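Chain by chain, the residues:
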Amino acid sequence: LAKTTQPISMDSYEGQEVNITCSHNNIATNDYITWYQQFPSQGPRFIIQGYKTKVTNEVASLFIPADRKSSTLSLPRVSLSDTAVYYCLVGASGGSYIPTFGRGTSLIVHP
Amino acid sequence: DTAVSQTPKYLVTQMGNDKSIKCEQNLGHDTMYWYKQDSKKFLKIMFSYNNKELIINETVPNRFSPKSPDKAHLNLHINSLELGDSAVYFCASSPGPGGAYEQYFGPGTRLTVT
């Protein structure tokens, strides 16, 4: 089971790009990397998922180096509404997967 | 149309009582989950069902009993409630089991035990 490590908290300012890195040194060949966002008093929401290289959608980009031992969630030009907790999960398909959210990274965006 | 819904949204009860939380998903997913998020915001998996079969049971006291009457529903019954059970409980669903599938979460049920 791949263990993930993320910073507990980050601060940024409106308009800046934010990069949150997740370390997953023992990622397995079949594992995917998935990021979720959680606002206060709401359930987590899927942001982006990738397997290797770079994935981009309308919300974020996910950069995965060739060795896949880490991944970086990039949020372009953040706004106050991006203040949330961000979780990195790693796992493959199948019933043996235990989703491990942990505490995530608390991002605070300042005016 | 709400994809994953939970009832009730808030639940205040006394120690020793028995209560249930209901979850329904209209996404046609095969897999459903229950999570607990405590006051320190630590989000932890409790149970998962795939096609009505229990596939994850993460060291949860047996006072907690999930039930899946069909693929669209996963209920959580809690007996003899304790103060430590106070938390927000989230239900989620995904097309299948495993980390390759995106999970869709419900709005949560805030349980307060007094």
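Residues numbered from 1 in each chain as written. Chains lettered and ligands numbered in written order. Predicted model: local features only at pLDDT ≥ 70, side-chain atom pairs only at ≥ 80, totals over all residues. Heavy atoms only, no water.

**Some words on the overall build of chain B**
The helix and strand inventory of chain B stands at 0 helices and 11 strands. For chain B, the succession of helices and strands along the chain, N to C, is β-β-β-β-β-β-β-β-β-β-β. Out of the 114 residues in chain B, the part that is buried amounts to 46%. Sequence separation of 24 or more characterises 54% of the internal contacts of chain B that already satisfy a separation of 6 or more. (Helix = DSSP H or I, 4+ residues; strand = E, 2+ residues; numbered from the N terminus. Buried < 20%, exposed > 50% of the residue type's maximum accessible area, 1.4 Å probe, protein only. Contact = heavy atoms within 4.5 Å.)

**Structural notes on the sheet that holds strand 3 (residues 19-25) of chain B**
Residues and elements named next belong to chain B. Pairing in this open sheet of 4 strands is antiparallel, and the strands run 1-3-8-7 from one edge to the other. The open sheet has two edge strands with one neighbour each: strand 1 (4-7) and strand 7 (64-70). Neighbour-to-neighbour, the strand axes of the sheet open up by a mean angle of 20 degrees, direction not taken into account. When strand 3 meets strand 8 (residues 73-78), the two strands line up antiparallel, connected through 4 bridges. Counted as the bridge partner of Glu-24 is His-73 from strand 8. (Pairing = 2+ DSSP bridges. Axes fitted to C-alpha atoms, helices over the stretch in contact; angles between N-to-C directions.)

**Digging into the state of the cysteines**
Residues and elements named next belong to chain A. One pass over the structure, following the stated rule, counts 2 disulfides over all chains. Here Cys-22 is linked by a disulfide to Cys-88, with a sulfur-sulfur distance of 2.2 Å. In this structure the cystine formed by Cys-22 and Cys-88 twists about its S-S bond by roughly -80 degrees; its chirality is therefore left-handed. Residue Cys-22 is located in strand 2 (residues 18-23), and its partner Cys-88 is located in strand 8 (residues 84-91); the two are separated by 66 residues in the primary sequence. Each member of the pair, Cys-22 together with Cys-88, is buried. (Disulfide = S-S within 2.5 Å.)

**Focus on unusual backbone geometry**
The omega torsion across Thr-7 of chain B and Pro-8 of chain B is -5 degrees, close enough to zero to call that bond cis. With phi around 60 degrees, Arg-68 of chain A is a residue other than glycine that occupies positive phi space. The topology assignment puts Arg-68 of chain A in the loop between strand 6 (61-64) and strand 7 (70-75). Since its relative accessible area comes to 8%, Arg-68 of chain A is described here as buried.

**Looking at the environment of Ile-47 of chain A**
Residues and elements named next belong to chain A. In this fold, Ile-47 is placed in strand 4 (residues 45-50). Through-space distance from the C-alpha of Ile-47 to that of Ser-61 is 9.3 Å; in sequence the pair is 14 residues apart. Once residues within four sequence positions are removed from consideration, Ile-47 is found in contact with Trp-35, Tyr-36, Gln-37, Asn-57, Val-59, Ala-60, Leu-73 and Tyr-86.

**Some words on the environment of Gly-15 of chain A**
All names here are of chain A. Tracing the backbone through its elements, the reader meets Gly-15 in the loop between strand 1 (9-13) and strand 2. For the pair formed by Gly-15 and Leu-80, sequence separation is 65 residues and the distance between their alpha carbons is 9.3 Å. With near-sequence residues (within four places) excluded, Gly-15 lies in contact with Arg-77 and Val-78.

**Focus on the interface of chain A and chain B**
Listed as interface residues are 22 residues of chain A and, on the opposing side, 23 residues of chain B. Our count for the chain A to chain B interface comes out at 0 salt bridges. Counting every contact that joins chain A to chain B gives 8 residue pairs in polar contact (both at pLDDT 80 or more). Elements with a contribution of two residues or more to the side of chain A that touches chain B: strand 3 (32-38), strand 4, strand 8 and strand 9 (100-102) of chain A. Considering every element that reaches the side of chain A that touches chain B, the biggest residue donor is strand 3 of chain A, with 4 residues. In the side of chain A that touches chain B, the residues fall into 10 nonpolar, 11 polar and 1 charged. The sheet contact formed by strand 9 of chain A and strand 5 (residues 43-50) of chain B spans 2 bridges and is antiparallel. In the sheet register, Gly-102 of chain A faces strand 5 of chain B, and the bridge partner there is Leu-43 of chain B. (Salt bridge = Lys/Arg side-chain N within 4 Å of Asp/Glu carboxyl O. Polar contact = N/O pair within 3.5 Å; in protein donor to acceptor, adjacent residues only side chain to side chain. Nonpolar A, V, L, I, M, F, W, Y, C, P; charged D, E, K, R; others polar.)

**Quick notes on the pattern of salt bridges**
Proximity of charged atoms lets side chains of opposite charge pair with each other. Residues and elements named next belong to chain B. Counting across every chain of the model gives 3 salt bridges over all chains. Among the ionic pairs, Lys-71 bridges to Asp-30, the shortest N-O distance being 2.7 Å. Linking Lys-71 in the loop between strand 7 and strand 8 with Asp-30 in the loop between strand 3 and strand 4 (31-37), this pair joins segments that are 41 residues apart in sequence. Taking the relative accessible area as the measure of exposure, Asp-30 reaches 23% and is therefore partly exposed. When the shortest N-O distance is used, the salt bridge between Glu-82 and Arg-63 registers 3.5 Å. A residue pair is termed long-range when its members are at least 10 positions apart, and Glu-82 in the loop between strand 8 and strand 9 (87-94) and Arg-63 in the loop between strand 6 (53-57) and strand 7 qualify at 19 residues. Several salt bridges share partner residues, and in doing so they unite Arg-63, Glu-82 and Asp-85 into one network.

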